[in-house]
Amino acid sequence: FLPSDIIGYLSIPSIEVRLPIFLGSEEEHLKEGVGHVARSSLPVGGVSSRALLTGHSGLANGRLFSRLDELERGDFFLINVLGRELAYQVERTEMILPQEVERLNIEEGRDLVSLITCAPFGINTHRLIVTGERVEEEKRAILLEREVVKVPSWRALVLSYGPIGLSIVFGWMWMKGRKKG
């Protein structure tokens, strides 16, 4: 991909995520960040818009959207695009089947962004959808002030540090085996 493919950045402070947003959702984009789903609104804000951003979760080589399921109603995320930072407060989290795309339609008069990933980990039969509605500057400042980083879940810790732990154990076993031989 080219740096020109990056149209902005997504930040989710409570789960310590900051990822580039790519125009398009090709595999090379999803390895590095999140992709904008074609034919959805661009993530620039606006009445009667709904941007769809998709990303991988559960990858061994990157956290990406692996902790997306930890977001709750009232949490928020930020989109920085075209030199503007827009804040979206999570209003709902839902699990849908891939064919239930009508659940992702624009809602008249609302400025929405939905973050999408496959679920459950390793099975990927459903889609986890986290939808936020844009908040104005005054509320954005209040959200930023009160935001607390969430402690990672056990699953997130295993995904992040499990490969390191396994490497240490196998390295120790290999060294122990060499000493005997």
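Up top is the structure these notes are about.
Read on for a plain summary of the structure. (Residues numbered from 1 in each chain as written. Predicted model: local features only at pLDDT ≥ 70, side-chain atom pairs only at ≥ 80, totals over all residues. Heavy atoms only, no water.)

## What to know about the overall build of the protein
Phase 1: Within the protein one finds 3 helices and 8 strands.
Phase 2: Ordered by position from the N terminus, the helices and strands of the protein form the series β-β-α-β-β-β-β-β-β-α-α.
Phase 3: Contacts in the protein between residues at least 24 apart in sequence constitute 60% of all its contacts with a sequence separation of at least 6.
Phase 4: Carbon and sulfur atoms make up 59% of the accessible area of the protein, which totals about 10400 Å². (Helix = DSSP H or I, 4+ residues; strand = E, 2+ residues; numbered from the N terminus. Contact = heavy atoms within 4.5 Å. Areas by Shrake-Rupley, 256 points an atom, 1.4 Å probe, with all protein chains shown as cover.)

## With respect to the layout of surface pockets
The gaps left among the atoms become clear once a water-sized probe is rolled over them.
Phase 1: Here the largest pocket is characterised by a volume of approximately 290 Å³.
Phase 2: Lining the largest pocket we find 15 residues, and of these Val-37, Leu-52, Val-101, Leu-104 and Ile-116 sit closest to its centre.
Phase 3: Taken together, the residues of the lining of the largest pocket sort by class into 9 nonpolar, 3 polar and 3 charged. (1 Å grid on protein atoms, 1.4 Å probe; cavity = no way out; pocket = protein on both sides within 12 Å on 5 of 7 lines; lining within 4 Å. Points joined across faces, edges and corners; volume = space filled by probe spheres on them. Nonpolar A, V, L, I, M, F, W, Y, C, P; charged D, E, K, R; others polar.)

## Examining the pairing of strand 8 (residues 126–135)
Phase 1: Across 9 bridges, strand 6 (residues 84–96) lies against strand 8 in antiparallel orientation. Counted as the bridge partner of Glu-94 is Ile-129 from strand 8.
Phase 2: In this structure, strand 7 (residues 111–119) lies alongside strand 8, joined through 8 bridges in antiparallel fashion. Its bridge partner being in strand 8, Val-113 is matched across the sheet by Gly-132.
Phase 3: What sits between the antiparallel neighbours strand 7 and strand 8 is a turn of 6 residues, in which Gly-122 has the positive phi angle 80°. (Pairing = 2+ DSSP bridges.)

## Here we look at the nonpolar core
Phase 1: Ranked by internal contacts, the top residues of the largest apolar core, which has 24 residues, are Leu-10, Ile-12, Phe-77, Ile-79 and Leu-115.
Phase 2: Only strand 1 (6–12), strand 2 (17–23), strand 4 (49–54), strand 5 (76–81), strand 6, strand 7 and strand 8 provide two or more residues apiece to this core.
Phase 3: For Phe-77, the residues in contact, after removing those within four places along its chain, are Leu-10, Ser-11, Ile-12, Leu-86, Ala-87, Tyr-88, Val-90, Val-113, Leu-115 and Gly-132. (Core = buried A, V, L, I, M, F, W, Y, C linked by side-chain atoms within 4.5 Å. Buried < 20%, exposed > 50% of the residue type's maximum accessible area, 1.4 Å probe, protein only.)

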